Amino acid sequence: EKIDALRSLQQQITSATEAFKTEEGKRIKDLARVYEAMPPAKAGAMLEALDTPTAAGITMNMKRDKAGTIWGYLSQKKAAEITKEITRALKTGGDKKS
């Protein structure tokens, strides 16, 4: 009986986690569209100020040509940090947008 209750709880936690990931992914995609619409210099400055995982998530959900233009406005250090984060995310099953 306790095992069944724990399995049910585990299933509820798994469902809640998946729902959160889906919602978080939608928010990141929406942010990517906003960054794509900005002038590249402004978007680059804003990405520069973000934490690396967030900047990588936004970048991965941008169109390549838009992301490439914006990356021209990032410092070499920040671009390298974002690249490392994207590579790590892709190895662990993150999304890639082209």
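Our structure is the block above this text.
Keep in mind the model is a prediction, meaning the values are calculated, not measured. (Residues numbered from 1 in each chain as written. Predicted model: local features only at pLDDT ≥ 70, side-chain atom pairs only at ≥ 80, totals over all residues. Heavy atoms only, no water.)

## Looking at helix α5 (residues 76–91)
With 16 residues, α5 ought to run about 22 Å at 1.5 Å a step, and its terminal C-alpha atoms sit 23 Å apart, in line with that. Along α5, the residues classified as buried are K78, A79, I82, E85, I86 and A89. End-on, the buried residues of α5 take up no more than an arc of 125°, which puts them together on one face. When the buried face of α5 is taken as reference, the exposed residues oriented beyond 90 degrees from it are Q76, K77, K84 and K91. Residues of α5 that are buried in the fold lie against α2 (40–49), α3 (52–60) and α4 (64–71). Two residues or fewer past α5, G93 is found with a positive phi of approximately 100°. (Helix = DSSP H or I, 4+ residues; strand = E, 2+ residues; numbered from the N terminus. Expected span 1.5 Å × (residues − 1). Buried < 20%, exposed > 50% of the residue type's maximum accessible area, 1.4 Å probe, protein only. Arc of directions from axis to C-beta. Contact = heavy atoms within 4.5 Å.)

## Some thoughts on the side chain of E36
Positionally, E36 belongs in helix α1 (residues 2–37). By relative accessible area, E36 is classed as buried at 11%.

## Brief notes about the pattern of salt bridges
Tallied over the entire structure, the rule returns five salt bridges. Ionic pairing is found between R27 and E24, a salt bridge with its closest N-O pair at 3.0 Å. In this pair, R27 and E24 are both assigned in helix α1, three residues apart and thus about one turn of the helix distant. Residue E85 pairs with R88 through a salt bridge whose shortest N-O separation is 2.5 Å. In this pair, E85 and R88 are both assigned in helix α5, three residues apart and thus about one turn of the helix distant. Taking the relative accessible area as the measure of exposure, E85 reaches 16% and is therefore buried. Classification of R88 as partly exposed rests on a relative accessible area of 43%. (Salt bridge = Lys/Arg side-chain N within 4 Å of Asp/Glu carboxyl O.)

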